[in-house]
Amino acid sequence: MAKKKSKKRVRAVEILTVCAAAGCNEKLIVEPMEESTPLCEKCFERICLLCQTIGLHWFSAHSIPSFISWSSHPEILPPSTSKLVSSRTSPAQPAVSIEVAASLLRQAQCVCIVAGAGASADSGVPVFRGPSGFYRVNGIDIPMDAINFHQDRQGDLALAWGYLLKMMQSFDEKEPHDGYKALLKMVSTKDSFFVFTSNIDNYFVRAGFPSEQIWESHGNVETLQCVNYSTSKGVRSSCSSTIFPVKTDNDPKGGEWYRCAKFGADMKVVNLEATIPKCPSCGSLSRPNISHCTDLPEDICLEKKGLQEKRFRSWVEENKGKRLLVIEVGCGISEHSLRDESELICERLWENSFAKIVRIDPGNCDVAKGHIGIQLKAMEALLKFSAAYFPQEE
């Protein structure tokens, strides 16, 4: 009897793929992992060397405007890959997670707060996507590149300002929710803390957090710059003026100018020239001092944001030997969020030597083993977190 040919069995837990590094097509057999980025051994070593030699820190990719679309140096795709994604665990019941989070905070010596748009949602501020999000008009999602202040790059100032003014008005009409104050009270019991946020609403400052302990990686809408600002030599009509505030000392409401805007059905500001403040140096229109996916590094004045980043780096160096807790609030799973940065701070800066994450999100808050996910909205989670941390005050 002829022997049956045995079929080659392929392990179900492995898949065939290629190295994700730019310019490399090395074939790899890897275990399937959600949000993982497979690298061959050679590229992994090369990328680590690049990080050391060119001064690129993966966690700070979001601070570099031209990397916001890719969030990467061309040699590193994507930069926010973390080994922690290989061992995800789903969150426990919120009550259990909160008690564990309180225990971790008691053990920690320093805290890094990493916050995304979800951190402010309970204040009544729309998130960017969703049925009533900022990036949705007349029931239709709009592309992020619709906010483009560069007329030489197909930008429309009236449209870009239309979206930003709606945001500014919403931020100003609302107040930071009570979860902000609860968070400040908790972290103030530690040796030190720092806020790392992609939010542009300035709510941490308004809630009482010290401004010198905040890094707003995208800037905030409280500060303006010239629309023609550029550090690139030879750029036509460039202006090198510094930043200036939306609201002046004489009038904290900024002369109500941002409430005087009139909008067309397409969200464009119809009284643009009469409404928007002018640059004090050249007289051109201003724009918010925030970095967006349509901006290049030379388009953004780093007078404020650059100093914030410098302070954060100094804080990291001063606290590396201490037990760290990262409290991540409302970062979601968008490619533009700081979720990966939470893990990279632990993995690459603290090298996981007592560096833990408490991830707060009403949706996906899966974490690596040893970390905690609290599947609640920001305000509810922070108030319950605070109650567990200060049980004697109940």
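Numbers given to residues run from 1 along each chain, matching the order in which its sequence is written. In view of the model being predicted, local features appear only for residues whose pLDDT reaches at least 70, and side-chain atom pairs are presented and counted only at 80 or more, with totals across whole chains, interfaces and linings using the full set of residues. Remark: hydrogens and water are excluded; side-chain values derive from all non-hydrogen atoms of the structure.

Before going further, it helps to examine the confidence of the model for the chain. Confidence of the predictor in every single residue is expressed as pLDDT, which spans 0 to 100. Residues with a pLDDT of 70 or more make up 72% of the chain, whose mean pLDDT is 79. A helix here means a DSSP run of H or I that spans at least four residues, while a strand means a run of E at least two residues long, and both kinds are numbered starting from the N terminus. Averaged pLDDT values for the elements of the chain fall to 56 in strand β3 (residues 88–89) and rise to 98 in helix α4 (residues 178–187). We call two residues in contact whenever any of their non-hydrogen atoms come within 4.5 Å of each other. Below pLDDT 50 for its whole length, residues 1–12 participates in 0 contacts with residues either more than four positions away or in separate chains. Segment residues 55–87: pLDDT under 50, and 104 contacts once partners within four positions in sequence are set aside and those in other chains are kept.

We call Phe, Tyr and Trp rings a pair once their centres come within 6.5 Å, taking the six-membered ring for Trp, and we label the pair stacked below 30 degrees between planes, edge-to-face above 60, and tilted otherwise. By the definition in use, this model includes 16 aromatic pairs. Here Phe204 and Phe209 contribute two aromatic rings whose centre-to-centre distance is 5.0 Å and whose plane-to-plane angle is 80°, an arrangement assigned as edge-to-face. The same class applies to Phe204 and to Phe209, which are both buried. With centroids separated by 5.3 Å and ring planes inclined at 40°, the aromatic side chains of Trp215 and Phe312 adopt a geometry described as tilted. Here the residue Trp215 occupies a position in strand β8 (residues 214–216), and Phe312 occupies one in helix α7 (residues 305–319), the gap between them amounting to 97 residues. The same class applies to Trp215 as to Phe312, namely buried. An aromatic cluster is built from Phe171, Tyr180, Phe193, Tyr203, Phe204 and Phe209, whose rings are joined through pairwise contacts. The aromatic ring of Phe390 is capped on one face by Lys185, whose charged end is 4.9 Å from the ring centroid. Buried means the residue's accessible area, taken with a 1.4 Å probe over protein chains only, is under 20% of the maximum for its type, while exposed means over 50%, and partly exposed covers the values in between. Distance and angle both matter: a charge sits over a ring if NZ of Lys or CZ of Arg is within 6 Å of the ring centre and within 35 degrees of the ring normal.

Looking now at the environment of Leu28. Note on placement: Leu28 falls in strand β2 (residues 27–30). You can call Leu28 buried: its relative accessible area is 13%. Separated by 11 residues in sequence, Leu28 and Thr17 have C-alpha atoms that sit 5.2 Å apart.

Let us look at the pattern of salt bridges. We count a salt bridge whenever a side-chain nitrogen from Lys or Arg sits within 4 Å of a carboxyl oxygen from Asp or Glu. Taken as a whole and assessed by the stated rule, the structure comprises 13 salt bridges. Of the charged contacts in the structure, one is a salt bridge between Lys268 and Asp156, with a shortest N-O distance of 2.9 Å. Within this pair, whereas Lys268 is found in the loop between β10 (244–245) and α6 (272–275), its partner Asp156 is found in the loop between β6 (140–141) and α3 (157–173), the two being separated by 112 residues in sequence. The class of Lys268 is partly exposed, set by a relative accessible area of 30%.

Moving on, we get to the nonpolar core. We define the nonpolar core as a collection of buried residues of types Ala, Val, Leu, Ile, Met, Phe, Trp, Tyr and Cys that are connected through side-chain atoms lying within 4.5 Å of one another. Ranked by internal contacts, the top residues of the largest apolar core, which has 67 residues, are Trp161 and Phe209. Looking at this core, the element that brings in the most residues is α3, giving 11 residues. Not counting chain neighbours up to four residues away, the residues in contact with Phe209 comprise Ile113, Tyr180, Leu183, Leu184, Val187, Phe193, Val195, Phe204 and Ile214. With 19 residues, the next largest nonpolar core counts Phe194, Val316, Ile345 and Cys346 among its residues.

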